[in-house]
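Given next are the chains, with one letter for each unit.
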Amino acid sequence: MRRRPAVRAAGWTRVTGDARAERPSGGEPIRVAMLINGYYPVVGGAERQLAAVAPALVARGLRVDVLTRRFPGLAPQENIEGVSVHRLPATGPKAVKSLTFTVAALRLLRRLRPDVLHAHDLYSPSTTALVAKRIFGTPVVVKVPRGGHLGDLARLRGRFLGHRRIAWLRRGVDRFVVISREIDAELDAAGVPPERRISIPNAVDTGRFAPLAPDRKAALRSALDLPEGPIVVYTGRLAPEKRLHDLVGIWPAVRAGCPGAQLVLVGSGDQAASLARAAGEGVSLPGPVLDVAPYLQAADLFVLPSSAEGLSNALLEAMSAGLACVATAVGAGPELIDPGENGWLIPAGEPEALRRAVLAALNEPQRRAAVGLRARERVASRYSLPVVAARFPELYRQVIVAAPGRTCGSSTS
């Protein structure tokens, strides 16, 4: 099969095509070791994303091992949807946790002999991957999950010797996977050349997060015991950077302009108690749920008022479910949403702009429905699991071919 070229766009390389999941030498499948701090059933944006993509890669013929930290009550090793999950010890204070995880991971990697190491943030997973590269020669791919003032690079710069760590990452990482133009610009400013910045976005299961017919939507609302009236939903962490207090604060004014409007905040986090205290009439907090899809399918509008994001899984899922969305113009929001066409974009930290956008969406139901359909079309064409998963085999083949003298994944260890 011909290898399709990488296409350069907007300062980075975009991997395209549908390469076979075989090693460049042919025959055997590509073997990828994913390093991440948590994995299913641990829930978070990065964890949910990898839990969706890893089985899709297995379905494409790759062998995927996930190396993650062991949490109480979870098995040290299990197979989840074809993915071998290895939960390694990480105990003691923060620095010691990282060290014990790295030591355990190196022992396991010597046995697994992967062709590629794929780390999922610029912290402990990347450190472990680069140490493994130094020992085994295995190429390293690193996904940068978030940009902006709360992003990985910004946080590293604020740490002791952070600039040295960034320089180490710049020298050692073979490819950085970027999920937004914001992150790409930050890596560019940090001196990472364009050919080592690869645009592969987050993915969403468009079959699971799909719109429902009106009768099924009504039945689902009843099953979830949701109130009558237009429903605005948020799903995700209840954290300060999500600025949910802005949303709760404007709700009386929203209900004045759209009587009966209901706000449902689905999730858990540090601000759950304070949000519950601030919640007035028309605001409910059902807490954490195992599956957010039904809440999205039952709602009329999704709102994401964050001050910082990467490429929000929650926003992708809402758009995939055919929901019109109001989101702040941070992270990849401007790449996902064309204002007025497939959603509404507002400045971060401006409650009045948030109020106006929410009311505009609620009070124009026909336009809102059309916007939601266009949101679904955008996500299905660019961010569905099959579309995104197809990009990884070629990326892995590129770094395998370029890697000199590997011992971890080579035929002779």
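Residues numbered from 1 in each chain as written. Predicted model: local features only at pLDDT ≥ 70, side-chain atom pairs only at ≥ 80, totals over all residues. Heavy atoms only, no water.

Visitor: Sorry if this is basic, but what is going on with the overall build of the chain here?
Guide: When helices and strands are tallied, the chain shows 16 helices and 16 strands. Relative to a compact globule of 413 residues, whose C-alpha radius of gyration would be 22 Å, the chain shows 22 Å and is just as compact. For the chain, the C-alpha atoms occupy an extent of roughly 70 × 50 × 40 Å along the three principal directions. Every one of the 413 residues in the chain was classed for burial, and the buried ones make up 55%. (Helix = DSSP H or I, 4+ residues; strand = E, 2+ residues; numbered from the N terminus. Rg over C-alpha atoms; globule rule 2.2 N^0.38 Å. Buried < 20%, exposed > 50% of the residue type's maximum accessible area, 1.4 Å probe, protein only.)

Visitor: Before we go on, may I ask you to explain empty space enclosed by the protein in this structure?
Guide: Rolled over the atoms, a probe sized like a water molecule indicates the empty space that remains. For the coordinates displayed, the defined rule picks out 4 cavities of 30 Å³ or more. If you go around the largest cavity, you meet 15 residues; those closest to its centre are Gln-49, Val-53, His-120, Lys-143 and Phe-392. Counting residues per element, the ones that place at least two in the lining of the largest cavity are α1 (45-59) and α16 (392-402). Counting residues per element, the lining of the largest cavity draws most heavily on α1, which supplies 3 residues. Its residues placed into classes, the lining of the largest cavity shows 10 nonpolar, 4 polar and 1 charged. Quantified by volume, the second largest cavity comes out at close to 50 Å³. The class makeup of the residues in the lining of the second largest cavity is 6 nonpolar, 4 polar and 1 charged. (1 Å grid on protein atoms, 1.4 Å probe; cavity = no way out; pocket = protein on both sides within 12 Å on 5 of 7 lines; lining within 4 Å. Points joined across faces, edges and corners; volume = space filled by probe spheres on them. Nonpolar A, V, L, I, M, F, W, Y, C, P; charged D, E, K, R; others polar.)

Visitor: Teacher, can you tell me more about the side chain of Asn-342 here?
Guide: Counting through the fold element by element, Asn-342 comes out in the loop between α12 (333-336) and β16 (344-346). Looking at Asn-342, its side chain comes within polar contact range of the main-chain oxygen of Leu-336, at 3.0 Å. For Asn-342, the side chain forms a polar contact with the main-chain nitrogen of Asp-338, separated by 2.6 Å. Sequence-distant contacts of Asn-342, defined by excluding residues within four places in its chain, comprise Met-319, Leu-336, Ile-337, Val-371, Arg-374, Ala-375 and Arg-378. (Polar contact = N/O pair within 3.5 Å; in protein donor to acceptor, adjacent residues only side chain to side chain. Contact = heavy atoms within 4.5 Å.)

Visitor: Looking at this model, I keep getting lost on the confidence of the model for the chain. Mind explaining?
Guide: Close inspection of predicted coordinates is inappropriate in any region flagged by low pLDDT. Of the residues in the chain, 91% reach a pLDDT of 70 or more, and the chain-wide mean stands at 91. The low-confidence segment residues 1-19, where pLDDT is below 50, has 51 contacts with residues more than four positions distant or belonging to other chains. (pLDDT = per-residue confidence, 0-100.)

Visitor: What is the right way to read helix α8 (residues 244-257) from this model?
Guide: In an α-helix there are 3.6 residues to a turn, and that puts residues three or four apart on one side. The end-to-end C-alpha separation of α8 is 20 Å, in line with the 20 Å expected for 14 residues at 1.5 Å each. Trp-251 marks where α8 bends most, by close to 45 degrees; the proline Pro-252 follows one to four residues later. Those residues of α8 that fall on the buried side of the exposure criterion are Leu-244, Asp-246, Leu-247, Val-248, Ile-250, Trp-251, Val-254 and Arg-255. Against the buried residues of α8 lie β11 (231-235), β12 (262-266), α9 (272-278), β13 (283-287), β14 (301-304) and α13 (351-362). (Expected span 1.5 Å × (residues − 1). Bend = angle between axes of the 7 residues up to and from the residue.)

Visitor: I would appreciate a short explanation of the pattern of salt bridges in the present structure.
Guide: Opposite charge on two side chains permits pairing when their charged atoms draw close. The full count for this structure, using the stated rule, is 21 salt bridges. The closest approach of N and O atoms between Arg-255 and Glu-281, which form a salt bridge, is 3.4 Å. Taken together, the residues Arg-255 in helix α8 and Glu-281 in the loop between α9 and β13 connect sequence positions 26 residues apart. Through salt bridges with shared partners, one network takes in Arg-146, Arg-237 and Glu-241. (Salt bridge = Lys/Arg side-chain N within 4 Å of Asp/Glu carboxyl O.)

Visitor: Please explain the packing of aromatic side chains as it appears in this structure.
Guide: The description of an aromatic ring pair rests on the distance of the ring centres and on the angle between the ring planes. Within the structure shown, the criterion is met by 1 aromatic pair. A cation over an aromatic ring shows up here: Arg-69 above the ring of Phe-101, its NZ or CZ 5.9 Å from the ring centre. (Phe/Tyr/Trp six-rings, centres within 6.5 Å; stacked < 30°, edge-to-face > 60°. Lys NZ or Arg CZ within 6 Å of the ring centre and 35° of its normal.)

Visitor: What should I look at first to understand the pairing of strand β4 (residues 63-69) in this one?
Guide: Within a regular strand, the side chains alternate between the two sheet faces. For β4, the buried fraction is high: 6 of the 7 residues fall into the buried class. Direction of pairing for strand β3 (residues 31-35) relative to β4: parallel, over a ladder of 5 bridges. Note on β4: the bridge partner recorded for Arg-31 is Arg-63. Regarding topology, α1 serves as the crossover connection from β3 to the parallel β4, and that connection is right-handed. Here β4 pairs with strand β6 (residues 83-88) via 5 bridges, running parallel. What sits directly across from Arg-69, in β6, is Leu-88. (Pairing = 2+ DSSP bridges. Right-handed = clockwise from strand over helix to strand, strands pointing away.)

Visitor: Hey, could you run me through helix α6 (residues 181-189) in this one?
Guide: If you check which residues of α6 are buried, you get Ile-183, Asp-184, Glu-186 and Leu-187. Buried residues along α6 cover an arc of 160 degrees about the axis, so they all sit on one side. Residues Arg-181 and Ala-189 are exposed on α6 and point more than 90 degrees away from its buried face. Of the residues flanking the end of α6, it is Gly-191, one or two places downstream, whose phi is positive at about 95 degrees. (Arc of directions from axis to C-beta.)

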